Every structure is written in C-alpha cells, then in structure tokens.
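# What the coordinates show
As a plain string of letters, each chain reads:
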Amino acid sequence: MEGPADILPSTLKKSVVDAKLLLVGAGGIGCEVLKNLVLSGFKNIEVIDLDTIDVSNLNRQFLFQRQHVGKSKAKVACEAALGFNPSVTLKAHHDSVMSQEYGVNFFKGFTLVLNALDNRAARNHVNRMCLAAQVPLVESGTAGYLGQVTVIKRGVTECYECQPKPAQKTFPGCTIRNTPSEPIHCIVWAKHLFNQLFGEADPDEDVSPDTADPELTGDAAGSAALSEPAREDGNVERVSTRGWAAQNDYEPRKLFRKLFNDDIRYLLTMDKLWQKRRPPTPLDWDTLPDAVAGSSSSSASDSSLSDQRLWPPAECAAVLERAVGRLKEQLAARPAGDHLVWDKDDENGMDFVAACANLRAHCFGIRLNTRFTIKSMAGNIIPAIATTNAIIAAMVVFEAFKLLEGRLDDCKTVYLNRQPNARKRLLVPCVLEKPNPKCYVCAEKPEVTVRLDVSQMKLQALEERVLKAALNMVAPDAELLDGRGTILISSEEGETAANAPRTLAELGVRDGARLRCDDFLQNYELIVNIVNSTELPDGQEFEVVGDASQLQPAAPAPAPADGEAGPSSADAGGSAAANGSGNGAGKATTTVDDDDDLVCLSEGEDGTGTDGEVPTATTTVGTPAAKRPAQSDQGTPPAKKRRALSGSESPEVIEL
C-alpha cells in the first residue's frame, strides 16, 4: 500500500522522509500545518506550544475536541495527527520556545523550522535562533482574510526583523479575557461583549474569565470545563451571555455588577495571574469616581467636542445604562432570531463600546481614552478565519518542499489578499528580498543607536524596556566599552542587581558610549551606541534607531517623477522604535508593543507591468506592487516595492 510520500516526485520523496521538522505553534495555523505535514509523508516532527486548549478554539482548531479543553495544544495536536498517519514520529513540547532549554543546539537538530505563531516576541526569538543555527525558517501569519508566508535563510534573504512591522491588531484570548494591559485590549473586550449581548455571538469572543489561561494549571481548567454538560456535537453547553442578560431583562446595574464586579472578583482568585501584575479592582456602581484621575474638571467641561472629552467612570456607567436601553429596543424591533451589527458610526453601539472599554480599563488601572480615540481604534480589529489559516498552511508546506529540494531560488513570499487583483489572483507570489545590510539582527556586525537621557534612564529600565522589550533579547548581558570592560548587566541572577536602580550617568555611561550587549540563549551580539538627549517627545523614555545617520537632519529629497517609487525602507538604513510613539509618520518609527507583521499588496496590483514584465527596483511601471499594512484598506504610497512574479499564461493559475 502506498504511503503519503509515495505520491511525491522521487527527487523530493527521500528528503521528505529523512527531514526532521520543528513546528512552533499549534493553534489556528499550526493545526492545519501539522495535518498537512503528516499527510505529505514527513516522518519526524516536533511541535512546541505553551498554550492550552480553550472552548473558543474548537470552531477552527479542528484537531481539538471538547474533552481536550484545558490540555496542552502541542500534546493533543500530536495525538490527533497520529490518526491521519500512525507511522509518523511526533514529539510534543508543552513549553515556551523562548525557554533556555531550547537553545541554538536544539535548533541545529532540525532540517527546517516552521513558524505558526501569533505574537511578535516569539517570532523575533525564533528568527534569531534560526539565524544562529543556520537553519531555514518558513514564517507565516494571518489576519482576517489576509495571510502571508515567507522563507528566511541566513545571508540569503532578509530576516524577520530586517523591516519594521505595522501595529498588531490581534491579541491572545487569555490577554483579552484575563490580563489586559493596554487600552486596545479593553476595546476588543468591549466589542466582543457587544456581540455577545446584541450581535452575532461567536465562541471566540467570550468575555468571561478564561480558566484555560496558559499561566494557570491546565488540569484544573480542563476539569472545570468538563464538569459542564455537553451537546451531541461535542461542544460545551453553557448559558449564553445573551441568554443570561435576557433573563434579567438587560438590567444595566445587573450587567454592570456581573461584568465589573463579580467577574473581576473571580479573576482575583486566579492567584498566579497577579504574582507579577497589578491585580484589578472590582467596581461598585454607587461609588464610581465622578472625575478622571490626573485631569481637571474645568478642562473636561470646556471641551468643545464631547467625543474628545474623557468620561469619568461615573459618566461611563450612565452612558452604559442609556446605551443598553436603546440597544435593547433596537434588538427587540428586529425579527425573532435576528441580531444587531456593531458599527463605529452607530451612536448607541459606539457609546456602549466606549463606556465598557473605559470601565474595564478603570478596573485594571489602564489609562482611559476619549470616545474619539476608542472609535478610531475599534474600527481596526481583525477576526481569525479558519479558511485563511488553511490556505496559508498549504503555502507553508509548499515552501518547505522547495527548501528540501534545494530550490531556494524558487522560494517566494506569498501574499493572500482580500480580493482578486487585476490578474484575478488572490495569492500573489513575490521574490524574496535580500538581507538589509543595516539590520541590527542579521547584519555581519549588528549595531543600533539608542537615544535617551542618561541622567534619567535607570539601568533596570535599559534592560527591561530597551534590551528586552524593544530589542527583543531574552537574557541580555551588557558591557560598557570603556577600556576597562565594565559589566553593567549580567544574566547571572544577582550578579549586577545593585546596579539596577542607578542611572546610566551614575554608572559612567555618557553621550557617545558604546555597549556590547549579548544574549547567550540567542547566540546574538549587538553594539548599542548611546546618544544622550533631553529633547525626546513627551511620554517617551528612549528611541531606538537602526542607523545613527537618521539622527542627522536630512536635506529635502527631490520629489520622484511620475510613476516612480519613493525611497525604500531598506535604502533608509533601518528603522526606529520609539517608546510610546505613534505610527511614525514621516519618521519610520514603530512602537515597542507586540506587533503583527502582515502586509499585503495593493488591491488590483501584482507587481507586473502592463506586458507582464517583472519590474525591478529601478523599473518604472504604471501599476507597481505596493506593500502596505494589512489593516489598511487604502493606505499611503508604500515605502518599499515587492517584485511580483509574472505568472503563467492563464491568469487563473498561480505559479508558486
């Protein structure tokens, strides 16, 4: 009887059978990739994922069933995949890929690494580990209907960190439900709550505390879920949020008590969540503050636009009460079984989300935002879609096949767009970019410049917020290149603890100082050039700049001729990451927050000229391939062009 690998070309079959693969992530994309791998004849696969299975995963992560809730995603995925091909050797790691256990030698044991992750920090780490181990990496990601797959190989292609990434629009469910730390987390939660009460309810948008949080004990979470009755289709039978609200006639004070008092008290019983975090505070309707901390009542009342005025918590409760009453009436006026659709331009729906987001933010000690700001943020939230994951997972395996055949030149970056382009393509393959010579990760001698105030920046902040958060190190050491080799930061616990509360100036760090920073786990060394500055924008502690020349005033560049692209991001010589900055318009800056990395080609373009010619960086074409952030429907002209492949004679056939 033929095995899965027997259908492959003879040149590929042996490579597939002999290959040892590491799959990082066993969620939406990871489940699809693992299924594809075992059905394609791969014999030796290891899977690593820290997460546990939640009920909300069951609608798209098809390797999991109700009885698996609370268990390790990696372990259950491997067990389920054996049902497709029992001859495969699978090994599961229920752990973080950033653990010290998985060092460079661990990665060197694999033929290929396939990423199916959902956060920036882990992607950065795997990127660096694969560069250090010189193992090819297939990177992938999805956001709604958009997806992307690319291949990364040291010295041949750009690495994951060669180019700046747009801001993240997707977040782990446990963060939304249990441990929000940013306003956007509260806004996502509020939108989910709207759908649970008035819209089309989705299990992925559960707003109740998540007992399957990876930081909690998986067995307890699973036991809690399994104690609930199940329907014949295997899903957990629960009283829906809308059903509970209807039973209580959508009484605003009862809703308030459940959401901002009872659920918060329940979260407080999850002790592990609050060992290193500020615990939330339950709210009481009758004792809500009627002023916003840090703002004067006069400034609030003088605002000419109500949308741009911060509502104090007491006013948020009043707005919530009014919005719930009106939304209840709108829902009642619809046919039985129908639902409302949230729209940022609908006054009642927007009031509901703004009030709930700020009340939740108040619980967790997160800054409140104006209705105007919340409206702009709420319009850009992207859902997970199973079909997108399946398409991207297939592309991951196709690129893996090419690498195993030694056809690196044929590997592509593949974009999945919302709508077919002018050549009727949803999938657009593009040539891989060369490494950015000024990338502070994969360059031959990585350097980066950090602008900060040495008299104010403490060493602990340098380690936690600059080296770890902004530069994505895991266990950094830092040495001052002062001729004496002064050790400022040591990854050995307690060795330099006395330095932590001291400022950089007190430790001898001056303007122009150079720090040699290395991470033994990532096998990564970086020279950090310090530029002292007391003129950082308000609210910023530092700014990371890929190229020190960016700090010099630049002469105005001549406007490009019609049809020509502007300067590329690679030509600009790196990127900047400013703590607390915005989107960096005009300054190539990105925030330190975990970011998503999806981009897509401008709709209607695939990078070919009118005669199908493949444009180069200097080719002037009427419709260049424009790369833009995935969340942008329109966008400004891109900073960089991707060269798309001219396809086959038939526009319906995609050459990958």
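What you see is a predicted model, and the numbers here were worked out from it, not measured in a lab. In every chain, residue numbers begin from 1 and rise along the written sequence. Owing to the predicted nature of the model, reporting of local features is limited to residues with pLDDT of at least 70; listing and counting of side-chain atom pairs is limited to 80 or more, with chain, interface and lining totals taken over all residues. Working from all heavy atoms in the structure, the side-chain values ignore hydrogens and water.

Right, let's talk about the overall build of the chain for a bit. The way it works is that DSSP assigns letters per residue, a run of H or I at least four long becomes a helix, a run of E at least two long becomes a strand, and they are numbered from the N terminus. Each helix and strand counted, the chain has 16 helices and 18 strands in total. By the burial criterion, 52% of the 656 residues in the chain qualify as buried. Put simply, of all contacts in the chain between residues at least 6 apart along the chain, 71% involve residues at least 24 apart. The protein chains shown are the only cover counted for residues, whose accessible areas, like all others here, come from Shrake-Rupley with a 1.4 Å probe. Surface accessibility of the chain: about 29,700 Å² in total, with carbon and sulfur atoms responsible for 49%. Only protein chains enter the area calculation, which uses a 1.4 Å probe; residues under 20% of their type maximum are buried, those over 50% are exposed, and those in between are partly exposed. Note on contacts: a residue pair is in contact if any heavy atoms of the two residues lie within 4.5 Å.

When DSSP finds at least two bridges between two strands, those strands are taken to pair. With mixed pairing, the 8 strands of this open sheet are ordered in space as β3-β2-β1-β4-β5-β6-β7-β8. Of all strands in the sheet, those with a lone pairing partner are β3 (89-93) and β8 (427-431), marking the two edges. Looking at each pair of strands side by side, their axes are set apart by 15 degrees on average, direction ignored. For strand β5 (residues 137-143) and strand β6 (residues 146-152), the ladder comprises 7 bridges, and the chain directions are antiparallel. Each residue of the ladder has a partner; that of T142, found in β6, is G147. Lines are fitted to the C-alpha atoms to define the axes, a helix being fitted only along its stretch in contact, and any angle between axes, read from their N-to-C directions, falls within 0 to 180 degrees.

A few words on unusual backbone geometry. Unusually for a residue other than glycine, D249 sits at a positive phi of about 55 degrees. If you trace the backbone, D249 turns up in the loop between α9 (241-247) and α10 (252-268). The class for D249 is partly exposed, based on a relative accessible area of 48%. Backbone geometry places N472, a non-glycine residue, at a positive phi of 65 degrees. With respect to the helices and strands, the residue N472 is situated in the loop between α16 (459-470) and β10 (476-480). N472 gets classed as buried once you look at its relative accessible area, which sits at 13%.

Mapped onto this numbering, the UniProt entry annotates "binding site: Zn(2+)" (unreviewed entry) at C159, C162, C439 and C442. The annotated residues occupy 284 residues of the chain but converge on a single region, no pair of C-alpha atoms lying more than 8.5 Å apart. Topologically, C439 is positioned in the loop between β8 and β9 (447-452). Apart from residues lying up to four places away in sequence, C439 is in contact with C159, E161, C162 and P446. Here C442 is to be found in the loop between β8 and β9. Setting aside residues no more than four positions away along its own chain, C442 makes contact with L131, C159, C162 and P435. UniProt positions are given in the numbering used here, feature names are shortened, and annotations may be inferred rather than shown by experiment.

This part is about the pairing of strand β11 (residues 486-489). Pairing analysis gives 3 bridges linking β10 to β11, with the strands arranged antiparallel. From the neighbouring strand, A478 faces β11, where its bridge partner is I489. Remark: 5 residues form the turn of the hairpin made by β10 and β11, two consecutive strands paired antiparallel; G483 in that turn has positive phi of roughly 90 degrees.

Among the 5 residues that make up β10, 4 are buried, leaving the element largely enclosed by the rest of the structure. Two strands pair when backbone bridges link them, and β10 and strand β12 (residues 514-519) are joined in this way by 5 bridges, in the antiparallel orientation. Bridged to A478 within β12 is C517.

The next thing to look at is a nonpolar patch on the surface. A patch consists of residues whose relative accessible area exceeds 30% and which take part in no salt bridge; residues with like charges are grouped when within 9 Å of each other, and nonpolar side chains (Val, Leu, Ile, Met, Phe, Trp, Tyr) when within 5 Å. Salt bridge, as applied in this entry: a Lys or Arg side-chain nitrogen positioned within 4 Å of an Asp or Glu carboxyl oxygen. Among the surface-exposed residues, L39, F62 and F84 lie close enough to one another that they form a single nonpolar patch of about 260 Å² accessible area. With respect to the helices and strands, L39 occurs in helix α2 (residues 28-39).

Quick look at the packing of aromatic side chains now. Classification of ring pairs rests on two measures: the distance between centres of Phe, Tyr or Trp rings, Trp counted by its six-membered ring, which must be within 6.5 Å, and the angle between planes, read as stacked under 30 degrees, edge-to-face over 60 and tilted in between. For the coordinates displayed, the defined rule picks out 12 aromatic pairs. On the basis of an interplanar angle of 70 degrees and a centroid distance of 6.0 Å, the ring pair of F194 and F352 is categorised as edge-to-face. With F194 in helix α7 (residues 183-197) and F352 in helix α13 (residues 347-363), this residue pair connects regions lying 158 residues apart in the sequence. A single burial state applies to F194 and to F352, both of which are buried. Clustering of aromatic rings is evident, with ring pairs tying together Y102, F106, F107 and F110. Two limits define a charge over a ring: the Lys NZ or Arg CZ must be within 6 Å of the ring centre, and within 35 degrees of the ring normal. Geometry around F110 places K20 over its ring, the cationic atom sitting 5.1 Å from the centre. Directly above the ring of W244 sits K258, whose terminal nitrogen or CZ lies 6.0 Å from the centroid.

It is worth spelling out the side chain of T142 at this point. The topology assignment puts T142 in strand β5. Pairs of N or O atoms within 3.5 Å make up the polar contacts considered here, provided that, within protein, one atom can donate a hydrogen while the other can accept it, and that residues adjacent in sequence are counted only when both atoms are side-chain atoms. A polar contact is formed between the side chain of T142 and the side chain of N389, at a distance of 2.9 Å.

On to the environment of C31. Note that C31 resides in helix α2. Through-space distance from the C-alpha of C31 to that of A390 is 9.0 Å; in sequence the pair is 359 residues apart. Ignoring sequence-local partners within four residues, the contact set of C31 consists of A26, Q61, F62, L63 and F64.

Before going further, it helps to examine the pattern of salt bridges. By the definition in use, this model includes 25 salt bridges. Between R514 and E447 there is a salt bridge, with the nearest N and O atoms lying 3.4 Å from each other. Linking R514 in strand β12 with E447 in strand β9, this pair joins segments that are 67 residues apart in sequence. A salt bridge links R484 to D482, with the nearest nitrogen and oxygen atoms 3.5 Å apart. Exposure remark for D482: the relative accessible area of 27% places this residue in the partly exposed category.

Orientation of α7 relative to α13, taken along the N-to-C sense of each, is 130 degrees, at an axis distance of 8 Å. Taken together, α7 and α13 sit at an angle that is classed as oblique. Our pair here, α7 against α13, has a crossing hand that is right-handed. Touching C186, I187, W189, A190, K191, L193, F194 and L197 of α7 are G349, F352, V353, C356, A357, R360 and A361, all from α13. Side-chain classes are defined by residue name, with Ala, Val, Leu, Ile, Met, Phe, Trp, Tyr, Cys and Pro counting as nonpolar, Asp, Glu, Lys and Arg as charged, and the others, Gly among them, as polar. Residues of the contact of α7 with α13, tallied by class, amount to 12 nonpolar, 1 polar and 2 charged. For classification purposes, an angle smaller than 35 degrees is called roughly parallel, one larger than 145 roughly antiparallel, one from 65 to 115 roughly perpendicular, and anything else oblique. Should the near helix be turned anticlockwise from the far one by less than a right angle, the crossing is termed left-handed; should it be turned clockwise, right-handed.

Time to look at the nonpolar core. Membership of the largest hydrophobic core comes to 57 residues, with the highest contact counts inside it found for F107 and V528. With 7 residues, the top contributor of residues to this core is helix α5 (residues 120-133). These domain limits were set by an automatic method or by a database of domain assignments. Formed jointly, this core draws a minimum of three residues from each of two domains, domain 1 (4-162 + 383-431) and domain 3 (454-532). With residues near it in sequence (within four places) discarded, V528 still touches V448, V450, L467, L471, A513, R514, L515 and C517. Residues enter a nonpolar core if they are buried and are Ala, Val, Leu, Ile, Met, Phe, Trp, Tyr or Cys, with the set joined through side-chain atoms within 4.5 Å. By size, the runner-up hydrophobic cluster in this structure holds 54 residues, among which are L331, W342, L359 and C363.

In the contact formed by α10 and α13, the axes pass within 11 Å of each other and the chain directions differ by 20 degrees. Between α10 and α13, the interaxial angle falls into the category roughly parallel. Remark: the crossing between α10 and α13 carries right-handed chirality. Between α10, through F256, F260 and I264, and α13, the contact on the second element is made entirely by C356, L359, R360 and C363.

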